[in-house]
Amino acid sequence: MPAADDIPMCDVRRRDVGDLDDCVNVLAEVHKADAYPVNWPATPADWLAPPEQLAAWVAELDGRIVGHLALSPPVEGDAAPALWNERTGAPAGEVAVVTRLFVAPDARGHGIGALLMSQALREARTRGLHPVLDVVAADTGSVAFYEHLGWTLLDIAEQRWSQEQTVTVHCYAAPVR
């Protein structure tokens, strides 16, 4: 068992515009290792920080950005928010989508993803929103991660990403308090 001094310090804080270059670099590492995102964005910084985003956070391990997560409003075609609203009868405006979660491959195993998810959950609930998300079905590691955190599988759905691309996704909702 490592000594307390050997455990790296991880801080989660709001992402600011000055963090985007570092976030893009980490995203490139993740894309190379895990093929996330499935389709590399033309402008990764804009993909990470669209104007409609509600909030975003970064995780720092020993002063280096190693993780990212965002909370966004649902957009047309998102399967998870529609499934949640259908299941609960909640109005469409009472959902937030957890998105853009990634952790650098060399920083995994320190609970960083769980820390980021916890932050998003708190923020969504503070705003009176219920968090949902979807994950590509082939990403079995992420599927296991969300289920380990207690998220509820709403359904497995086909989601159209473009005219040429339809993807199978697992749609999840955060645990109900």
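In what follows, the structure referred to is the one given above.
The structure reproduced in this document is the subject of the present report.

Conventions we followed
- All residue numbers refer to positions counted from 1 along the written sequence of the respective chain.
- Residues qualify for local features only when their pLDDT is at least 70, as the model is predicted, and side-chain atom pairs are given and counted only at 80 or more; totals for whole chains, interfaces and linings, by contrast, use all residues.
- Heavy atoms throughout the structure, all of them, feed into the side-chain values; hydrogens and water do not.
- Only runs of H or I of at least four residues qualify as helices and only runs of E of at least two qualify as strands under DSSP, and these elements are numbered from the N terminus.
- In this scheme, a helix's expected span is set at 1.5 Å multiplied by one less than its residue total.
- Only protein chains enter the accessibility calculation, which uses a 1.4 Å probe; a residue is then buried when its area is under 20% of its type maximum, exposed when over 50%, and partly exposed in between.
- Contacts are residue-level and defined by heavy atoms, with any inter-residue pair within 4.5 Å sufficient.
- Only the six-membered ring of Trp is used, alongside the rings of Phe and Tyr, when aromatic pairs are assigned; centres must lie within 6.5 Å, and planes under 30 degrees apart are stacked while those over 60 apart are edge-to-face, with the rest tilted.
- Put simply, a nonpolar core is a bunch of buried Ala, Val, Leu, Ile, Met, Phe, Trp, Tyr and Cys residues held in one set by side-chain atoms that sit within 4.5 Å of each other.
- Should DSSP find at least two bridges between two strands, the strands are taken to pair.
- Here the axes come from fitting lines to C-alpha atoms, over the contacting stretch only for helices, and the angles between their N-to-C directions go from 0 to 180 degrees.
- Counted as salt bridges are all cases of a side-chain nitrogen of Lys or Arg within 4 Å of a carboxyl oxygen of Asp or Glu.

**Overview of the environment of Val103**
So, point 1. On the secondary structure map, Val103 appears in strand S4 (residues 95-103).
So, point 2. Residues Val103 and Gln163 lie 60 residues apart in sequence; the distance between their C-alpha atoms is 30 Å.

**Some words on unusual backbone geometry**
So, point 1. Cis peptide bonds are those with omega within 30 degrees of zero, and the linkage from Tyr36 to Pro37 qualifies with -5 degrees.
So, point 2. Residue position: Pro37 is located in the loop between helix H1 (20-34) and helix H2 (44-48).
So, point 3. Here the phi dihedral of Asp62 falls at roughly 50 degrees; this positive angle occurs in a residue that is not glycine.
So, point 4. Note that Asp62 resides in the loop between strand S2 (55-61) and strand S3 (64-72).

**Considerations on helix H4 (residues 112-126)**
So, point 1. With 15 residues, H4 extends 21 Å between its outermost C-alpha atoms, agreeing within 8% with the 21 Å of an ideal straight helix rising 1.5 Å per residue.
So, point 2. Gly128, located one to two residues past H4, shows a positive phi value of around 75 degrees.

**Observations regarding helix H3 (residues 79-88)**
So, point 1. Listing the buried residues of H3 in full gives Ala79, Ala80, Pro81, Leu83, Trp84 and Asn85.
So, point 2. Turning to H3, the residues buried within the fold contact S4, strand S5 (130-136), strand S6 (152-160) and strand S7 (166-173).

**Overview of the packing of aromatic side chains**
So, point 1. Applying the stated rule across the entire model yields 4 aromatic pairs.
So, point 2. Measuring from centroid to centroid gives 6.4 Å for Tyr146 and Trp151, while their planes differ by 50 degrees, and the two rings are tilted. Judged on exposure class, the residue Tyr146 and its partner Trp151 are both buried.
So, point 3. Considering the side-chain rings of Tyr146 and Tyr172, the 6.1 Å spacing of their centres and the 45 degrees angle between planes classify their relative orientation as tilted. Of this pair, Tyr146 sits in helix H5 (residues 140-148) while Tyr172 sits in strand S7, and the two are 26 residues apart along the sequence.

**With respect to the nonpolar core**
So, point 1. Core analysis: the largest hydrophobic core is formed by 38 residues, its most contacted members being Leu69, Val98, Ile112, Met117, Tyr146 and Trp151.
So, point 2. Residues in contact with Met117, not counting those within four places in the same chain, are Leu69, Val98, Leu101, Leu133, Phe145, Tyr146, Leu149 and Trp151.

**Considering the sheet that holds S5**
So, point 1. What the 7 strands build is an open sheet, ordered S1-S2-S3-S4-S5-S7-S6; its pairing is mixed. Edge positions in the sheet fall to strand S1 (10-14) and S6, since each has one partner strand and no second. Adjacent strand axes in the sheet meet at a mean angle of 25 degrees when their direction is disregarded.
So, point 2. Its contacts with the sheet put H3 on S4, S5, S6 and S7, and the angle it makes with S6 is roughly 130 degrees.
So, point 3. Relative to S5, H5 is tilted by about 155 degrees, and along the sheet it contacts S4, S5 and S7.

**Details of the environment of Leu71**
So, point 1. Checked against the element boundaries, Leu71 lands in strand S3.
So, point 2. What makes Leu71 buried here is its relative accessible area of 0%.
So, point 3. Separated by 19 residues in sequence, Leu71 and Glu52 place their C-alpha atoms 9.7 Å apart.
So, point 4. Those residues within four positions of Leu71 in sequence are excluded, and the remaining contacts are Gln53, Leu54, Ala55, Trp57, Ala96, Val97, Val98, Ala120, Glu123 and Ala124.

**Observations concerning the pattern of salt bridges**
So, point 1. According to the stated counting rule, one finds 7 salt bridges in the structure shown.
So, point 2. Between Arg13 and Glu60 there is a salt bridge whose closest N-O contact spans 3.1 Å. Taken together, the residues Arg13 in strand S1 and Glu60 in strand S2 connect sequence positions 47 residues apart.
So, point 3. Look at Glu60 and you get buried, because its relative accessible area is 18%.
So, point 4. In this structure, Arg14 engages Glu123 in a salt bridge whose closest nitrogen and oxygen atoms are separated by 2.9 Å. Here Arg14 is found in strand S1, whereas its partner Glu123 is found in helix H4, with 109 residues between them in sequence.
So, point 5. Through salt bridges with shared partners, one network takes in Arg13, Asp16, Asp19 and Glu60.

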